[in-house]
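# Examination of the molecular architecture
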Amino acid sequence: MLNDRLLVSLDGEAGERRSSAGIVIPATAVVGKRLTWGAVVAAGQHVRQVEVGDRVLFDPEDRAEVELAGATYVLLREKDVHAVAEPRGTGEGTGLYL
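The structure contained in this document is the topic of the report that follows.

If you walk across this open sheet you meet the 6 strands as S6-S7-S1-S4-S5-S8, and the pairing is antiparallel. Each edge of the open sheet carries a strand with a single partner, namely strand S6 (64-68) and strand S8 (81-85). Adjacent strand axes in the sheet meet at a mean angle of 45°, parallel and antiparallel pairs treated alike. Relative to S8, strand S5 (residues 55-58) runs antiparallel, the two being bridged by 4 bridges. Within the sheet, the bridge partner assigned to Phe-58 lies in S8 and is Val-81.

Take a look at the structure:
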């Protein structure tokens, strides 16, 4: 990876979702702008705030997809990441931070 680029694998498919009440929401349902979670697989040498293995939140409209070894990844710039959730093993708090 070069400069401020991130290679991200998506957490799940953009298919059907299930609400907290158990209602199935089809993939064709129109919703407002929805951000997506993914895991950072590789990072460029100028990335300062995100590390490999972090879960990041990004806008799926601002992405470029690339296929490597049969798997599809998303190529992003570090500035396109909205949040980072990283598990903390210190035993304090909720275990994730944004």
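This part is about the pairing of strand S1 (residues 5-10). One ladder, built from 4 bridges, connects S1 with strand S7 (residues 71-77); its direction is antiparallel. Looking at S7, one finds that Arg-5 is bridged to Arg-77. When S1 meets strand S4 (residues 36-43), the two strands line up antiparallel, connected through 5 bridges. Its bridge partner lying in S4, Val-8 is registered against Val-40.

A few words on the nonpolar core. In terms of nonpolar packing, the biggest core is built from 11 residues, these being Leu-6, Val-8, Val-40, Val-47, Val-50, Val-56, Phe-58, Val-74, Leu-76, Val-81 and Val-84. Elements represented by at least two residues in this core include exactly S1, S5, S7 and S8.

Conventions used here
Residues numbered from 1 in each chain as written. Predicted model: local features only at pLDDT ≥ 70, side-chain atom pairs only at ≥ 80, totals over all residues. Heavy atoms only, no water. Pairing = 2+ DSSP bridges. Helix = DSSP H or I, 4+ residues; strand = E, 2+ residues; numbered from the N terminus. Axes fitted to C-alpha atoms, helices over the stretch in contact; angles between N-to-C directions. Core = buried A, V, L, I, M, F, W, Y, C linked by side-chain atoms within 4.5 Å. Buried < 20%, exposed > 50% of the residue type's maximum accessible area, 1.4 Å probe, protein only.

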